[in-house]
Protein chains: 2
Amino acid sequence: MSNTLSNSAILTALTEALGDDVVSPRERLLERRNADWSGMPGATPLALLRPRSTEQVAQALAICNRFRQPVVVQGGLTGLAGGACTAANEIALSLERMMAIEEVDAISSTITVQTGVTLEAVQQAASEAGLMFPLDLGARGSCTIGGNLATNAGGNRVIRYGMARDQVLGLEAVLADGSVIGGLHKMVKNNTGYDLRNLMIGSEGTLGIITRAVLRLRPRAGALATAWCGLPDYAAVTRLLGEAQRHLSTGVSAFEVMWPSFVDYMLGNVHGLRAPLDTPHPFYVLMESAGGDEASHQQAFEDFLAAMLEAGVIANASIAQSQSDAGAFWRIRDATAEFPILMPDLIAFDVSFAIADIGRAAQQCDEALRATWPGSTVLTYGHLGDGNLHLIVQVAGADDSTVNAVEALVYGIVREYGGSVSAEHGIGSKKRDVLGHTRAPAELAAMRAIKAALDPHGILNPGKVLPSIS
Amino acid sequence: MSNTLSNSAILTALTEALGDDVVSPRERLLERRNADWSGMPGATPLALLRPRSTEQVAQALAICNRFRQPVVVQGGLTGLAGGACTAANEIALSLERMMAIEEVDAISSTITVQTGVTLEAVQQAASEAGLMFPLDLGARGSCTIGGNLATNAGGNRVIRYGMARDQVLGLEAVLADGSVIGGLHKMVKNNTGYDLRNLMIGSEGTLGIITRAVLRLRPRAGALATAWCGLPDYAAVTRLLGEAQRHLSTGVSAFEVMWPSFVDYMLGNVHGLRAPLDTPHPFYVLMESAGGDEASHQQAFEDFLAAMLEAGVIANASIAQSQSDAGAFWRIRDATAEFPILMPDLIAFDVSFAIADIGRAAQQCDEALRATWPGSTVLTYGHLGDGNLHLIVQVAGADDSTVNAVEALVYGIVREYGGSVSAEHGIGSKKRDVLGHTRAPAELAAMRAIKAALDPHGILNPGKVLPSIS
């Protein structure tokens, strides 16, 4: 059977089962459907499926599995690793019509949703019930819960609430053959066999399509105390984190460390930012603590910082006296949103290390990059409490081979320290060839065995996550 | 080759590779090695292996895999589901010589251990470093970290710190073929491919042998405030939990609910216990909150309880004014340790439900059990914040068929509410035939596919966890 004949047979089978309304062949596609925010290349898929229910997802996969037809699941297309990009012979399956919030259970503190719902809609529904959904990241208005779970998204509040996987009590997913694994449970404790839930989470659409989930809600965080600190060295940064976790009764809700390279670049290039401190320091930390009672929490926070100043752990600090002050601090950190305009040719890294290693690892990356490419820009910042380091590199006139060399240098240092080549963005197609820097050959073999067991014909998001066998 | 010949060939191969010191054939076994605390039957194994390193575990499994020789991994033998029981044709592999604490990293807040170490030794090492390892359960002095991870143990502090799996950053495991998957990472954020870590955790020795782990440590909890509350109805119990999580700035570190059946039985049968309240109530809650500063935390806790009394959420409360008061409250809850003496023939359940359902589900179990077996004893208590309900049933003169009927009744109600047949004790051999009450057929099929992919000859803990195919 030629490709065209077989394509037409697949589309006929899908349309018969699901209807014209669900199946849009390539020639009827109006929007660009082949790429995410990663900038990775993609081609218009053979067709777009927009099912309305788990049953329709199951029917679609059963048919595609029979025809050995590759399927790429798509959420909000905001991924940064190319996990949702399509090739011309693939079918895209979007969950955009499955965005129901099925239940908010305030007593059990859970929300049950279809996974095409946006992160922001879940945050809002939680808030209306007097609770909070703590997962938060910049793309909140566009990204979907399905994408958050498929990539195990991180974001701003991991230090206190964990990653996307830590927000999930139960989930339902459709496997390659169309069978539905359904564990829409609301229990924190549930020790009944293998953890398929966590296996699906973070598998980036290669093991199944997550269709519904029961998510945990939390009490609202209460009053926020925020400070911008200047510190003398990296040892002081880790000591501040440890002391804050020990002495602030509600702990730390954000602990963003920024090297002067990052802060100076932002202050110099982004309009409307002001330096929180008058003098320069070797390290800056934006620290936030969420507590119950406004006045006593702020007082305890200020007392703690005074003690840290006294002890020489911090050299200086600016303590927010209002939401507006805190907002001004966060605008410096969040100016990363301007990178696409400021540095369209940047090479971005999302890596992680043991907290104890970050200082040395970051310095080693910085020195090696500047030595190899004099005049390059290297900006360093990260979520310290989670071990997550972001590194932004710009080399004037860089071509593909320069980009490869920069990546080889940084991932080599990651490997040396036993770090992770992807802290929170996933592997997708972008990082599959460096996955072996973090995962041992036996682990890659185990992943391949699991992939073959659950998706024997390899129809789910082929060519993503797992490196090609060389 | 006859069994005996083949057994002798296996033992010869193991002894040649590992030495006499590691391999003890059945005839040289001095201790009972065939059973855990579950009371499930077991037979003396063919041999006991006591390797000293990951490499020796890997060698042992590679040989056993070649000979298709079943292997049962053993930790502290304190499991309650029969997961470590052996049959006469099986080899037991104990991690008792792999108990090294390899590193405490106070900056990264991690501890790296071999998994034969006891839970208590890890708690102590954390404490010596000024930190805390929050996993805690009654068997702490005997149970091992390997067993805790293999069964995803729960315990007393899950409401605040999560289950065993939530304490793990990295782990190393040996697969059936002797290959070692090693991810001894210290990062909270690490999105690099499939979550083999969580797949190994809770698999009860059927997918691999966990040999080393990097565990997360936490800041010490600070001052404890404790109260024993009497409440009018189940709605008040869930409201108290919600209000406490919202209004106590550090939240709730324990929230143990007890039905009068449980409290009255304990007060009547265990020497030295005293009722904390003068009058009876339909529900009792032992609530604990861990905070920073002693005086202000206690004051906030007492103010909160006064407001709850005012609002009618609690009918009465006794607030601990000393550690000794708190200890007296906990002794009532912990009198469960007396069950083996008080009720040697008890039928115990460790199940979970959505928090919103527990009240009705527990009542339904209680009524149905008493109606079917008049005069039976039914005691009900649990960790409410985690959805975990414990149910103790005693029927005078019960034989095997009565036990089966009691289990069928209770697990039927669990199924009806979409609950879990095992909240924290695992499946082992005891609950494999009711796993299907909680996990759908497609989930069981996926588990079997994963088992076959990672352990194609089925040598690891055969007959455990997965139900036999009927």
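The rules we used
- Residues numbered from 1 in each chain as written.
- Chains lettered and ligands numbered in written order.
- Predicted model: local features only at pLDDT ≥ 70, side-chain atom pairs only at ≥ 80, totals over all residues.
- Heavy atoms only, no water.
- Buried < 20%, exposed > 50% of the residue type's maximum accessible area, 1.4 Å probe, protein only.
- Helix = DSSP H or I, 4+ residues; strand = E, 2+ residues; numbered from the N terminus.
- Pairing = 2+ DSSP bridges.
- Least-squares fit on C-alpha atoms with pLDDT ≥ 70 in both.
- Axes fitted to C-alpha atoms, helices over the stretch in contact; angles between N-to-C directions.
- Contact = heavy atoms within 4.5 Å.
- Arc of directions from axis to C-beta.
- Buried area = accessible area lost by both parts, 1.4 Å probe.
- Salt bridge = Lys/Arg side-chain N within 4 Å of Asp/Glu carboxyl O.
- Polar contact = N/O pair within 3.5 Å; in protein donor to acceptor, adjacent residues only side chain to side chain.
- Nonpolar A, V, L, I, M, F, W, Y, C, P; charged D, E, K, R; others polar.
- Phe/Tyr/Trp six-rings, centres within 6.5 Å; stacked < 30°, edge-to-face > 60°.
- UniProt positions renumbered as here; feature names shortened; annotations may be inferred.
- Parallel < 35°, antiparallel > 145°, perpendicular 65-115°, else oblique.
- Left-handed = near helix turned anticlockwise from the far one by under 90°.
- Expected span 1.5 Å × (residues − 1).

Here the focus is the pairing of strand β3 (residues 71-74) of chain A. Residue and element names in this part refer to chain A. Burial along β3 is two-sided: the residues V71 and V73 and V72 and Q74 are all buried. Sheet topology places β3 next to strand β4 (residues 91-94); 4 bridges connect them, and they run parallel. Residue pairing for β4: V73 is matched across the bridge by L93.

Our next topic: the relation of the copies chain B and chain A. Each of the two copies of the chain can be brought onto the other by a rotation about an axis and a shift along it. Each copy of the sequence occupies a distinct position, and chain B is placed on chain A by a rotation of 180° and an axial shift of 0.0 Å, giving an RMSD of 0.0 Å. Those values place the two copies in the arrangement expected of a two-fold rotation axis.

Before going further, it helps to spend a moment on the sheet that holds strand β1 (residues 23-25) of chain A. What links the strands of a sheet is backbone hydrogen bonding, and the strands pair in either a parallel or an antiparallel sense. All names here are of chain A. Taken together, the 4 strands give an open sheet; going across it, the order is β1-β2-β4-β3, and neighbouring strands pair in mixed fashion. Among the strands making up the open sheet, the edge pair consists of β1 and β3. With strand direction ignored, the average angle separating the axes of adjacent strands in the sheet is 20°. Two strands pair when backbone bridges link them, and β1 and strand β2 (residues 47-49) are joined in this way by 3 bridges, in the antiparallel orientation. Bridge pairing in β2 places P25 opposite A47. Contacts between helix α1 (residues 3-18) and the sheet are confined to β1, β2 and β4, with β1 contributing the most and set at about 150° to the helix. Along the sheet, helix α2 (residues 54-66) contacts β2, β3 and β4; its crossing angle with β4, the most-contacted strand, is approximately 165°.

Our focus in this paragraph is unusual backbone geometry. All names here are of chain A. The backbone of R68 sits at a positive phi, close to 55°, despite the residue not being glycine. Positive phi is not limited to glycine here, since L77 has a value of about 60°. With respect to the helices and strands, L77 occurs in the loop between β3 and β4.

The periodicity of an α-helix, 3.6 residues per turn, causes residues three or four positions apart to be oriented the same way. Residues and elements named next belong to chain A. Taken together, the buried positions of helix α3 (residues 119-128) are L119, V122, Q123, A125 and A126. Down the axis, α3 shows its buried residues gathered within 165° of arc, on one side only. Tucked inside the fold, the buried residues of α3 contact β5 (101-105), β6 (110-114), β7 (131-132), α4 (145-150) and β10 (209-216). Of the residues trailing α3, G130 is marked for its positive phi of about 80°.

Looking now at the side chain of A:T86. Structurally, the position occupied by A:T86 is in the loop between β3 and β4. Residues contacting A:T86, with those up to four places away along its chain left out, are A:R33, A:N34, A:G42, A:A43, A:P45, A:V72, A:Q74 and A:A92.

Now for the interface of chain B and chain A. Contacts between the two partners involve 77 residues from chain B, matched on the other side by 78 residues from chain A. Around 6,000 Å² of area is buried between chain B and chain A when both sides are counted, 60% of it from carbon and sulfur atoms. Among the residues chain B hides against chain A, the three largest losses belong to B:K189, B:N191 and B:Y194. Together they make up 18% of the total. The tally of links from chain B across to chain A stands at 6 salt bridges. A:K189 is paired through a salt bridge with B:D386; the nearest N and O atoms lie 3.6 Å apart. Summed over the shared surface of chain B and chain A, the result is 36 residue pairs in polar contact (both at pLDDT 80 or more). If one sorts the elements of the side of chain B that touches chain A by residue count, helix α14 (residues 441-454) of chain B sits on top with 9 residues. Residue composition of the side of chain B that touches chain A, grouped by class: 32 nonpolar, 33 polar and 12 charged.

With that settled, consider the packing of aromatic side chains. Residue and element names in this part refer to chain A. Per the stated rule, a full pass over the model turns up 14 aromatic pairs over all chains. On the numbers, 5.9 Å between centres and 35° between planes, the contact of W228 with Y284 is tilted. Of this pair, W228 sits in strand β12 (residues 223-231) while Y284 sits in strand β14 (residues 283-291), and the two are 56 residues apart along the sequence. Classification of Y284 as buried rests on a relative accessible area of 6%. Taking 5.9 Å as the distance between ring centres and 90° as the angle between the ring planes, the aromatic pair formed by F353 and Y417 counts as edge-to-face. You can see F353 sitting in the loop between β16 (347-352) and α12 (355-372) and its partner Y417 sitting in the loop between α13 (400-416) and α14 (441-454), a full 64 residues away along the chain. Pair check on accessibility: F353 and Y417 agree, each one buried. Within the aromatic cluster, the residues linked to one another by ring pairs are W228, Y284 and F329.

Moving on, we come to the pattern of salt bridges. Residues and elements named next belong to chain A. Evaluated as defined, the whole model comprises 36 salt bridges over all chains. We note a salt bridge from D21 to R52, for which the minimum N-O separation is 3.1 Å. Taken together, the residues span a long stretch of sequence, with D21 in the loop between α1 and β1 and R52 in the loop between β2 and α2 at a distance of 31 residues. D21 is paired through a salt bridge with R97; the nearest N and O atoms lie 3.3 Å apart. In this pair, D21 sits in the loop between α1 and β1 while R97 sits in the loop between β4 and β5, placing the two residues 76 residues apart along the sequence. Residue D21 is classed as partly exposed on the basis of its relative accessible area of 39%.

With that out of the way, let us pick up the UniProt feature "domain: FAD-binding PCMH-type" (unreviewed entry) in chain A. According to UniProt, the positions carrying the feature "domain: FAD-binding PCMH-type" (unreviewed entry) are residues 41-220 of chain A. Between the C-alpha atoms that bound residues 41-220 of chain A there is a distance of 41 Å. The span itself is 21% helix and 24% strand.

Here we come to the packing of helix α12 (residues 355-372) of chain B against helix α13 (residues 400-416) of chain B. Residues and elements named next belong to chain B. Where α12 meets α13, the axes come as close as 10 Å, and the angle between the chain directions of the two elements is 155°. Between α12 and α13, the crossing angle belongs to the class labelled roughly antiparallel. α13 is crossed by α12, and the crossing has right-handed handedness. Every residue of α13 that contacts α12 at A361, Q364, C365, A368, L369 and T372 is listed here: V406, L409, V410, I413 and E416. A per-class count over the contact of α12 with α13 returns 8 nonpolar, 2 polar and 1 charged.

Residues and elements named next belong to chain B. As summarised here, the arrangement of the 5 strands in space is β5-β6-β10-β8-β9, forming an open sheet in which the pairing is antiparallel. Single-partner strands in this sheet number two, and they are β5 (101-105) and β9 (180-183). Neighbouring strand axes in the sheet, compared pairwise and without regard to direction, differ in orientation by 10° on average. Summarising the sheet, strand β8 (residues 168-174) and strand β10 (residues 209-216) pair through 6 bridges and their orientation is antiparallel. Along β10, the bridge assignment pairs A173 with I210.

Residues and elements named next belong to chain A. Taking 1.5 Å of rise per residue, the 14 residues of helix α7 (residues 234-247) would be expected to cover 20 Å, and the 20 Å separating its terminal C-alpha atoms lies within 8% of that figure. For α7, the full list of buried residues reads Y234, A236, V237, T238, L240, L241, G242, E243 and A244. The inward-facing, buried residues of α7 contact α5 (158-161), β12, β13 (254-258), β14, α9 (294-310) and α12.

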